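# Remarks on the overall topology
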Amino acid sequence: MAEIAPSILAADFANLQRDIEMLNASPADYIHVDVMDGMFVPNISFGIPVCEAINKHATKPLDVHLMIEQPDRYFESFKKAGAAGLTVHYEACPHLHRTVQHIKELDVLPGVALNPHTPVEVLSEILGDLSLVLIMSVNPGFGGQKFIQHTYQKIARLQSLKEKFGYTFKIEVDGGVNLDNAPLLIREGVNILVAGSFVFSSENPSKTIADLKNS
Ligand code: DX5
Ligand code: ZN
């Protein structure tokens, strides 16, 4: 059974408290918080004050996905704002080892995300330090995009590295996740499914979360 991290990016921002309370009462395992800076990705979402506001109402851990340049500048602030996990992009971090140690020193779970074109093998020297590897199944920046089929192969390769070396990180997939692709993603090794528009545009989001969990 997979864990589910609904992405708050697809919530109704004018009714955030209502949507967070819906997630609290649902079988969701985390709340996925997408931070975008308009530089690393071509879109701006929200930042630290909104994360803090979400944390005031959330009873589930905040899984914070930083789609930003030079993310190290904000780790302390996101920790204060309630982040349980901080995921940075491989493509945004030239000193990834230092960045990951910085997150660990704050007692926050370190994650690294890979864009669709980035092979999983680039993480081979750091996989043992990670709690989470996030495989992007769309190009980051927007919700509601189409799932990239090549993702299955990447997850299978990551899962075989994980087994070969006995690593303990979780594999998370993000972008275009729905009930059609969830079963195969889980079979290939995914532990956490992020889902935004599929959850929030459904008639009964809490039931959709339960369905994804049981898929
Ligand atoms: C995309 C974000 C995703 C996004 C997923 O850049 O990282 O977390 O919210 O949204 P859906 O599930 O709609 O593709
Ligand atoms: Zn995300």
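Structural notes, computed from the coordinates.

This part takes up the site of ligand 1. Taken together, 20 residues form the shell around ligand 1, and within it D34, G141, D174, G196 and S197 come nearest. Between ligand 1 and the protein, one listed contact pairs an oxygen atom with a side-chain N or O atom of S7 at 2.9 Å. H32 places a side-chain nitrogen or oxygen 3.4 Å from an oxygen atom of ligand 1. For ligand 1, the protein covers 99% of the area, taking 380 Å² as the surface of the free molecule. If you list the elements that add at least two residues to the shell around ligand 1, you get β2 (31-36), β3 (62-67) and β8 (192-195). Of all the elements, β2 adds the most residues to the shell around ligand 1, at 3 residues. Residues belonging to the shell around ligand 1 are distributed by class as follows: 8 nonpolar, 10 polar and 2 charged.

Moving on: the nonpolar core. Residues I8, V33 and V64 are the most contacted members of the largest nonpolar core, which totals 63 residues. Discounting residues that sit within four places of it in the chain, I8 has contacts with F13, L16, I20, L23, I31, H32, V33, F46 and I54.

On to the coordination of the zinc ion (ligand 2). Bound to the zinc ion (ligand 2) on the protein side are H32 (NE2), D34 (OD), H65 (ND1) and D174 (OD), at distances that span 2.0 to 2.3 Å. One can describe the donor arrangement at the zinc ion (ligand 2) as octahedral, given that its 6 donor atoms subtend angles of 69 to 170 degrees at the metal. Here the donor residues of the zinc ion (ligand 2) share one chain and are spaced in sequence as H-x1-D-x30-H-x108-D. In this pair, D34 sits in strand β2 while D174 sits in strand β7 (residues 170-174), placing the two residues 140 residues apart along the sequence.

Definitions and limits used
- Residues numbered from 1 in each chain as written.
- Chains lettered and ligands numbered in written order.
- Predicted model: local features only at pLDDT ≥ 70, side-chain atom pairs only at ≥ 80, totals over all residues.
- Heavy atoms only, no water.
- Near = heavy atom within 4 Å.
- Polar contact = N/O pair within 3.5 Å; in protein donor to acceptor, adjacent residues only side chain to side chain.
- Areas by Shrake-Rupley, 256 points an atom, 1.4 Å probe, with all protein chains shown as cover.
- Helix = DSSP H or I, 4+ residues; strand = E, 2+ residues; numbered from the N terminus.
- Nonpolar A, V, L, I, M, F, W, Y, C, P; charged D, E, K, R; others polar.
- Core = buried A, V, L, I, M, F, W, Y, C linked by side-chain atoms within 4.5 Å.
- Buried < 20%, exposed > 50% of the residue type's maximum accessible area, 1.4 Å probe, protein only.
- Contact = heavy atoms within 4.5 Å.
- Donors = N, O, S within 2.8 Å, 3.2 Å for Na, K, Ca; no water.
- Tetrahedral: all angles 85-135°; square planar, octahedral: opposite > 155°, others 65-115°.

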